[in-house]
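# Notes for the structure review
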Amino acid sequence: MKEAIFGGGCFWCLEAAFEIVDGIIDVESGYANGHIDNPSYKEVCTDTTGHAEVIKITFDEDKISYEDLLNIFFAIHDPTTLNRQGADFGSQYRSIIITLDSKQEKIAQDYISKLQKSLDKKIVTKIEPLKCYYKAEEYHQDYFRKNPNQPYCQAVALPKVLKVKSMKK
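Everything in this summary refers to the structure shown in the same document. (Residues numbered from 1 in each chain as written. Predicted model: local features only at pLDDT ≥ 70, side-chain atom pairs only at ≥ 80, totals over all residues. Heavy atoms only, no water.)

### Some thoughts on the pairing of strand S3 (residues 52–59)
Within S3, eight of the eight residues are buried, leaving the element largely enclosed by the surrounding structure. As paired strands, strand S1 (residues 2–8) and S3 are joined by five bridges and run antiparallel to one another. Bridge assignment links Lys 2 to a residue of S3, and that residue is Phe 59. The pairing of strand S2 (residues 24–32) with S3 spans eight bridges and is classified as antiparallel. (Buried < 20%, exposed > 50% of the residue type's maximum accessible area, 1.4 Å probe, protein only. Helix = DSSP H or I, 4+ residues; strand = E, 2+ residues; numbered from the N terminus. Pairing = 2+ DSSP bridges.)

### So, unusual backbone geometry
Phi is mostly negative for residues that are not glycine, and the peptide bonds are mostly trans. Residues other than glycine seldom take positive phi values, yet Asn 33 does so here, at roughly 60°. On the secondary structure map, Asn 33 appears in the loop between S2 and helix H2 (41–44). In this structure, Asn 38 is a non-glycine residue whose phi angle is positive, near 45°. Secondary-structure assignment places Asn 38 in the loop between S2 and H2. On the accessibility criterion, Asn 38 (56% relative accessible area) is exposed.

### Let's talk about the pairing of S1
Taking burial as the measure, the seven residues of S1 include five buried ones, the bulk of the element. Here S1 pairs with strand S6 (residues 95–99) via four bridges, running antiparallel. Across the sheet, Ile 5 pairs through a bridge with Ile 98, a residue of S6.

Right, here's the structure in full:
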């Protein structure tokens, strides 16, 4: 099993979209690469901890590649908006790929370089090595699955889920 960590707006939305992908074993919401230990959601939302809302994906590399995960990640968020996704704004919502080794870093750099050629706007997605990761509070885990009719889930997460479903072969 391999792991990948991505941030691109609210972790509820990313988690919901990736959970339905074949080859993904687990998706966990968390906070990464900030400067305080074990932050709470309330602290992260102050935009003062430096953490990004992220998902940690555990996947079977025999069934899905890291590049396939990047294809999904870039299809379900806007990599050209700095510190925001839709109505969610602040550095905790930044577009970020947190790499766990030099291979992931190279794949991510190459992917962004290739994708940038097809876009009019500049990609602002940061690529950083993992500095720290903390699992988000339990009520954030599987949020969309537990709260599918919640208005935010309907308005923001569901379209991402439907987009991923439409990408399936």
